[in-house]
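# Secondary and tertiary structure notes
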Amino acid sequence: MWKEREGDVFTTVETQVLTNEHATVSDIKERGLEWLLEKSLTVDDTVIVFLGGHGFFDRYDEWYFGGHELDVERLSTTGISDAELKSFFGKLPTNTILFTDSCFASSFKLPKEIRTTPRSGKNIWRGQGKIAYSSCLPHEQSLESASLGHGIFTKAILEYFEEPAGDVDGDGFLSCM
């Protein structure tokens, strides 16, 4: 859906999709997160990350995202901690939009950095904006449908981006009310 807008809305669109057995912790880190960090990203870029999987808390109340091989008895080795995700997102110099469809999804908060002066001296109103959309609150479970093969939140997001009704004024861009 993003690639279709390359050239008219986005200069360049690069995607990396990991699903099912290819959405292991090592694949998410190496072929997903590290793949992004290896790109020549700038404050003019926007990164959109969609994490759909499992969410659990360990015995210390740290939230973990888990993909295909998640083992709740071994969260630290089969999941990605919120600290790891915060570290990753903190390294991106870009505007970032994160969608998370998992149980307790809004337990993860994007890193906030407060500075009184910009590092580069450039326009401080460009780049490094972070927005997170979550399927549920920290104390809630996200709904999943076996017939859909993913969560209800994922279904709603896909419908919004793919349906012409999302373009309320017909200008070719999605409208947010």
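Presented here is a report on the structure given in the accompanying data block. (Residues numbered from 1 in each chain as written. Predicted model: local features only at pLDDT ≥ 70, side-chain atom pairs only at ≥ 80, totals over all residues. Heavy atoms only, no water.)

### Considering the sheet that holds strand β1 (residues 46-52)
Read from one edge of the open sheet, three strands run β1-β5-β6, paired in parallel fashion. Looking at strand neighbours, the two that pair on one side only are β1 and β6 (130-134), the edges of this open sheet. Neighbour-to-neighbour, the strand axes of this sheet turn through a mean angle of 10°, independent of strand direction. Contacts between helix α4 (residues 152-162) and the sheet are confined to β1, β5 (95-101) and β6, with β5 contributing the most and set at about 135° to the helix. (Pairing = 2+ DSSP bridges. Helix = DSSP H or I, 4+ residues; strand = E, 2+ residues; numbered from the N terminus. Axes fitted to C-alpha atoms, helices over the stretch in contact; angles between N-to-C directions. Contact = heavy atoms within 4.5 Å.)

### A short note on the nonpolar core
Residues Val49, Leu85 and Phe89 are the most contacted members of the largest nonpolar core, which totals 21 residues. Among the elements of the structure, α1 (25-37), β1, β3 (63-66) and α3 (82-91) are those that each provide at least two residues to this core. In terms of residue count, the dominant contributor to this core is α1 (five residues). (Core = buried A, V, L, I, M, F, W, Y, C linked by side-chain atoms within 4.5 Å. Buried < 20%, exposed > 50% of the residue type's maximum accessible area, 1.4 Å probe, protein only.)

### Considering the sheet that holds β3
With antiparallel pairing, three strands are arranged side by side in an open sheet as β2-β3-β4. A strand with exactly one partner marks an edge of an open sheet, and here the two such strands are β2 (54-57) and β4 (79-81). For this sheet, the mean angle separating the axes of adjacent strands, direction not counted, is 30°. Looking at chain direction, β2 and β3 are connected through four bridges and run antiparallel. Counterpart to His54 in the pairing with β3 is Gly66. The sheet strands contacting α3 are β3 and β4, and the helix crosses β4 at an angle near 65°.

By themselves, these observations are geometric and do not establish any function.
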